Amino acid sequence: MHKTEKIALEEHFGAIDPNIVEQSATHFIADAWPAHRAMLLDIHDSRLRLMDECGIEKAVLSLLSPGIQALHDQAQAVDDPAQAVDWSYRLNDHAAKQVSDRPDRFAAFAALPLQDPDAAAAELRRAVTELGLVGGLINGFSQVGDEDTVVYLDDSRYAAFWATVEDLGVPVYLHPRGPLPHTSPKYDGHPWLYGSAWAFSVETATHALRLTGSGLFDRHPGINVILGHLGELLPFNIWRTDHRLAVAPRGLGVQHTFGHYLRTNFYLTTSGNFRTPALLNTLVEVGADRLLFSADYPFEDMREAAEWFDRLELNEGDHTKIARTNAQRLLRL
Ligand code: ZN
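None of these values were measured; they are calculated from a predicted model.

K.L.:
Any chance you could explain the coordination of the zinc ion here in plain terms?
P.N.:
Geometry sets the ideal angles at a metal, namely 109.5 degrees for four tetrahedral donors and 90 or 180 degrees for six octahedral donors. Distances from the zinc ion to its protein donors, Glu-10 (OE), His-12 (NE2), His-175 (NE2) and Asp-296 (OD), fall at 2.0 to 2.3 Å. Because the angles between the four donor atoms bound to the zinc ion fall within 87 to 177°, the donor set is best described as irregular. You can call His-175 buried: its relative accessible area is 4%.

Listed below in structure tokens is the structure:
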């Protein structure tokens with residue numbers, strides 16, 4: 001089969017502290033965890049061989065989820081925002097080192113300590129201008145001050161952070177994390193709803209709508225947010241959202257439709273959603289210029305992602321855009 005050379009943008013690693021990598025154990029049955037733990041800790045060995053096999057010329061690395069955003073979780077025994085700042089700094093140095101070892105094969109998104117908005121803005125600036133990272137990846141809401149206080153990215157405390165994002169001209173990948181059980185009674189008794197099977201998409205789509213409805217993209221029209229998993233259900237439902245808000249805006253005061261912002265301020269990746277009818281719906285809704293190939297390794301099988309993508313019967317121009325040229329333009333690779 002013909003392999004399309006690809007760039008992948010949602011490819012995760014674990015590093016610097018065992019507490020970080022163990023966050024991902026919950027996504028696997030016990031027998032499968034040791035192998036996946038090893039995949040998260042590896043960058044240059046089995047990961048690179050798989051990339052060769054799959055025709056992935058470059059992977060944009062990012063820390064696993066919830067990563068820094070959960071550092072106030074009591075299970076992490078962390079109670080100081082300074083730790084989120086310190087870990088982000090060390091993680092981004094680590095990521096930059098991996099990239100500098102193979103700049104032809106890797107790039108990276110910065111981990112960001114949103115518990116301290118000014119520090120998050122400063123760290124993004126350092127990561128981009130000094131380390132050469134290509135943007136930030138944020139795992140949903142951050143726990144701030146204590147385990148139970150969650151803050152979303154539309155909060156006014158992040159005004160200067162978003163101004164920095166626009167000023168730097170780099171994208172922010174809004175990656176899923178699970179909701180906190182005691183704030184989400186709708187999931188009670190159904191633990192399978194929490195993870196990537198369902199809650200990840202619902203929670204991330206809601207977060208993306210919060211950002212949009214807050215007027216963020218009216219204030220900063222140059223910002224680009226990346227969503228994984230073919231847009232976390234949004235392309236399927238965005239017409240209905242606009243259709244209903246046109247009748248009952250419920251206090252919403254933004255300049256354009258949500259569909260407009262989805263096509264203008266978001267990029268959507270194929271991570272973890274290797275389903276052709278869903279891709280075609282997404283393609284029709286946002287256009288080929290806004291789609292990007294990704295796998296979501298090692299939570300997904302890199303081979304499955306690549307084989308599905310290579311077989312897609314798209315016109316060659318769109319296939320190439322989604323495979324790599326959109327990413328090259330967006331990330332200035
Ligand atoms: Zn992911």
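K.L.:
For this particular structure, what's the right way to read the environment of Leu-262?
P.N.:
For Leu-262, the location among the structural elements is in helix 11 (residues 258-264). Placed 166 residues apart in sequence, Leu-262 and Ala-96 show a C-alpha to C-alpha distance of 31 Å. Among residues more than four places away in sequence, those in contact with Leu-262 are Leu-234, Pro-235, Ile-238, Leu-268 and Val-286.

K.L.:
Can you help me understand the layout of surface pockets in this one?
P.N.:
Rolling a probe over the atoms, with the probe sized like a water molecule, indicates the empty space that remains. Space inside the largest pocket adds up to approximately 1,100 Å³. Along the wall of the largest pocket there are 45 residues; nearest its centre are His-27, Tyr-194, Gly-195, Ser-196 and Phe-200. Among the secondary structure elements, those contributing two or more residues to the lining of the largest pocket are helix 7 (199-213), helix 9 (229-232), helix 10 (234-247) and helix 12 (276-286). With four residues, the top contributor of residues to the lining of the largest pocket is helix 12. Grouping the amino acids of the lining of the largest pocket by side-chain chemistry returns 19 nonpolar, 19 polar and seven charged.

K.L.:
When you look at the packing of helix 5 (residues 117-129) against helix 6 (residues 159-168) in this model, what are you seeing that I'm missing?
P.N.:
In a packed pair of helices, the relevant descriptors are the angle between the two axes and the axis-to-axis distance. Between helix 5 and helix 6, whose axes approach to 9 Å, the crossing angle comes to 15°. Judged by the angle between their axes, helix 5 and helix 6 are roughly parallel. Once helix 5 is placed against helix 6, the crossing between them reads as right-handed. Every residue of helix 6 that contacts helix 5 at Pro-117, Ala-120, Ala-121, Leu-124, Arg-125, Val-128 and Thr-129 is listed here: Phe-161, Thr-164, Val-165, Asp-167 and Leu-168. Classifying every residue of the contact of helix 5 with helix 6 by side-chain character gives eight nonpolar, two polar and two charged.

K.L.:
I keep staring at the sheet that holds strand 3 (residues 106-108) and nothing clicks. Help me out?
P.N.:
By way of backbone hydrogen bonds, the strands of a sheet pair with one another, either parallel or antiparallel. Spatially, 1-2-3 is the arrangement adopted by the three strands of the open sheet, whose pairing is parallel. Bordering the open sheet on either side are strand 1 (6-13) and strand 3, each of which pairs with just one other strand. Here the strands of the sheet are splayed against their neighbours by 30° on average, with no regard to which way each runs. Pairing geometry for strand 2 (residues 56-63) and strand 3, over three bridges, is parallel. The residue of strand 3 that forms the bridge with Ala-59 is Phe-106.

K.L.:
Quick question: what am I supposed to make of the sheet that holds strand 7 (residues 172-175) here?
P.N.:
Here five strands make up an open sheet; going across it, the order is 4-7-8-9-10 and the pairing parallel. The sheet is open, and its two edges are formed by strand 4 (136-139) and strand 10 (291-292), each paired on a single side. Here strand 8 (residues 225-227) runs beside strand 9 (residues 266-269); their pairing, made up of three bridges, is parallel. Counterpart to Ile-226 in the pairing with strand 9 is Tyr-267.

K.L.:
Can you help me understand the packing of aromatic side chains in this one?
P.N.:
Counting across every chain of the model gives 11 aromatic pairs. Each ring, one from Phe-109 and one from Tyr-173, has its centre 5.9 Å from the other, and the planes form 65°; the classification is edge-to-face. Taken together, the residues Phe-109 in the loop between strand 3 and helix 5 and Tyr-173 in strand 7 connect sequence positions 64 residues apart. There is no split in this pair, since Phe-109 and Tyr-173 are both buried. Ring centres 5.8 Å apart and planes at 45° place the aromatic pair Phe-274 and Trp-308 in the tilted group.

K.L.:
What should I look at first to understand helix 14 (residues 316-331) in this one?
P.N.:
Residues three or four positions apart in an α-helix share a direction because the helix packs 3.6 residues into each turn. Over its 16 residues, helix 14 runs 22 Å from end to end, which matches the ideal 22 Å to within 8%, given 1.5 Å per residue. When helix 14 is considered as a whole, its buried residues turn out to be Asp-318, His-319, Ile-322, Ala-323, Asn-326, Ala-327, Leu-330 and Leu-331. Measuring from the side-chain oxygen of the N-cap residue of helix 14 to the backbone nitrogen of Gly-317 gives 3.1 Å; that N-cap residue is Asn-315. At the C-terminal side of helix 14, Arg-332 shows a positive phi close to 55°.

Calculation criteria
Residues numbered from 1 in each chain as written. Predicted model: local features only at pLDDT ≥ 70, side-chain atom pairs only at ≥ 80, totals over all residues. Heavy atoms only, no water. Donors = N, O, S within 2.8 Å, 3.2 Å for Na, K, Ca; no water. Tetrahedral: all angles 85-135°; square planar, octahedral: opposite > 155°, others 65-115°. Buried < 20%, exposed > 50% of the residue type's maximum accessible area, 1.4 Å probe, protein only. Helix = DSSP H or I, 4+ residues; strand = E, 2+ residues; numbered from the N terminus. Contact = heavy atoms within 4.5 Å. 1 Å grid on protein atoms, 1.4 Å probe; cavity = no way out; pocket = protein on both sides within 12 Å on 5 of 7 lines; lining within 4 Å. Points joined across faces, edges and corners; volume = space filled by probe spheres on them. Nonpolar A, V, L, I, M, F, W, Y, C, P; charged D, E, K, R; others polar. Axes fitted to C-alpha atoms, helices over the stretch in contact; angles between N-to-C directions. Parallel < 35°, antiparallel > 145°, perpendicular 65-115°, else oblique. Left-handed = near helix turned anticlockwise from the far one by under 90°. Pairing = 2+ DSSP bridges. Phe/Tyr/Trp six-rings, centres within 6.5 Å; stacked < 30°, edge-to-face > 60°. Expected span 1.5 Å × (residues − 1). Polar contact = N/O pair within 3.5 Å; in protein donor to acceptor, adjacent residues only side chain to side chain.

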